[in-house]
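Listed below, chain by chain, are the residues.
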Amino acid sequence: MSVLDWFANPSNWSGTDGIPTQMGFHLLYTGIALVIAAAIAIPLGVVVGYTGKGERLVAGSANALRALPTLGLLILLFLLISPVVPGQMVYVIPTIVVLVLLAVPPILAGTYTGIQSADPDAVGAARGMGYTKMQILWHVQLPCALPLLLSGIRSSTLQVISTATVAAYLGLQGLGRYIIDGRAQGDFFQMAGGAILVAALAFALEIAFTLLGTLVISPGLRRTSRRQRTPVPPAVGAIPRSAR
Amino acid sequence: MNHTWIWENLPLIGDLTLSHLWLTLTPTLLGLIVSLPFGWWAHHSRRGRPFIVGTAGLLYTIPSLALFIILPTILGTRILDPINIVIALTVYTVALLVRVVADGLSSVPIEAVQAAEAMGYRSWQRLLLVQLPVAVPVIAAGLRVAVVSNVSIVTMAALLGIPQLGSLFTQGFQLRLYLPLVTGIVLCVVLAVVLDLLIVWLASLATPWRDRTVAA
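All values derive from a computational prediction rather than experimental measurement. (Residues numbered from 1 in each chain as written. Chains lettered and ligands numbered in written order. Predicted model: local features only at pLDDT ≥ 70, side-chain atom pairs only at ≥ 80, totals over all residues.)

S.K.: Please provide a residue-by-residue account of the overall build of chain A, values included.
M.R.: A tally of regular secondary structure across chain A gives 10 helices and 0 strands. Counting from the amino terminus, chain A carries its helices and strands in the arrangement α-α-α-α-α-α-α-α-α-α. Seen through its principal axes, chain A has C-alpha atoms that stretch 65 × 40 × 25 Å. Split into buried and exposed, the 244 residues of chain A put 39% on the buried side. (Helix = DSSP H or I, 4+ residues; strand = E, 2+ residues; numbered from the N terminus. Buried ≥ 20, exposed ≤ 12 C-beta atoms within 10 Å, placed from the backbone.)

S.K.: So, unusual backbone geometry: which residues are in play, and what are the values?
M.R.: Phi at B:R176 takes a positive value of approximately 50°, unusual for a residue other than glycine. Here B:R176 is to be found in the loop between α8 (166–175) and α9 (178–206).

S.K.: Which residues make up the interface of chain A and chain B, and what values go with them?
M.R.: Chain A puts 30 residues into the contact, and the matching count from chain B is 33 residues. Contributing elements (two or more residues each) for the side of chain A that touches chain B: α3 (55–67), α4 (70–81), α7 (133–166), α8 (176–185) and α9 (188–216) of chain A. With 10 residues, the single largest contributor to the side of chain A that touches chain B is α9(A). Here the side of chain A that touches chain B is composed, by residue class, of 23 nonpolar, 4 polar and 3 charged. (Contact = placed C-beta atoms within 7 Å. Nonpolar A, V, L, I, M, F, W, Y, C, P; charged D, E, K, R; others polar.)

S.K.: Let's hear about the environment of A:G24: which residues, and what values?
M.R.: Residues and elements named next belong to chain A. Mapped onto the secondary structure, G24 falls in helix α2 (residues 19–51). Overall, G24 belongs to the partly exposed group, with 13 C-beta atoms counted inside 10 Å. Each C-alpha atom, one on G24 and one on Q173, is 9.5 Å from the other, the two residues being 149 residues apart in sequence.

Purely spatial values, then, with no claim about function.
Here you go:
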């Protein structure tokens, strides 16, 4: 008996606790959390990046959040809401809240640093061509911010995939079920199978994001971003404050 | 809330904190040591850099709970052996730090390197006595991120039954008690902050030529 046998067993591929179903649940939770997180983080990041206000608060809270242990947070939220929330929602709500909480900082940081690091020459050129501030934001700064924004969403996604696994401990569905149930039943092959599936999912998403990056990021931008690896002297003062 | 739980379990809490500290510090130090040569290689070789940075990025994507379980199958260790946690966290630390070490070495002003060369330093002397010390602030910044995330990741090992502060979370969940849970969270955060400040302090000791003001 080995992990391969676990994968080869047809009963693991069908039914309500089969691999496709659990994979679907895992992706569902991940998707919900990411959509909510993006809806919060991207507009906020645009405001922070555009006005330069609240940057320190955002960076500070992101650092503080890293120190908070996810598992502890998850269980704490579960204990807090379990007396008031009925049914299956008692597992879903704390999980989604924690996942959103983890997913917001990378997307937020990616958005505002992306907007701030938009090539000042490009912004200046757009101003010279008579673009309004909104047009500069929409047609110049946001496309320039895309590489960093996308890398923020990528970190968030991987973090969420990883944490959604842990949420199985509370009783949630998803690929983490195999790990937690395997541990409880002393079935190591089930645990290993679940672990391999989660790792494979993370790898696949990482590759998908790399491909997405080559598709949506302007080729000209990729050239300049490579050129800018050598630190550029701060040309910040060259642009009037209102343009940033 | 009944505070006697804390006093009754003080020895347990102490033990868990110590093993948490051990499980965090060992891989952080091992990771730093391993990442120095790889980071140097990535800095040094044009072809090595994308390879090393790419591999590190892929390793970092593996969810921690999954890595804790996959490692025993690769290494032949027992699933409950804390060595799996140490190795997994070493892998993450290396994945995070190789890039940082390479960036740190690249941040050394070319004038400093040339001056050392002109003074007759051999390449290994230049590396150890000039480039690495000058790169300390950048490496320390990466190490702070690594140690703080390691404190948090170690708690996942509680799901496998390896004792550390995360065991207080699972205990809190099983008994539906806030006190162990909150004690565990608070101790984790305190541990992360203390280790973070320790690195800031050590880095400022190692770079006496730098301005004393601590950047936020």
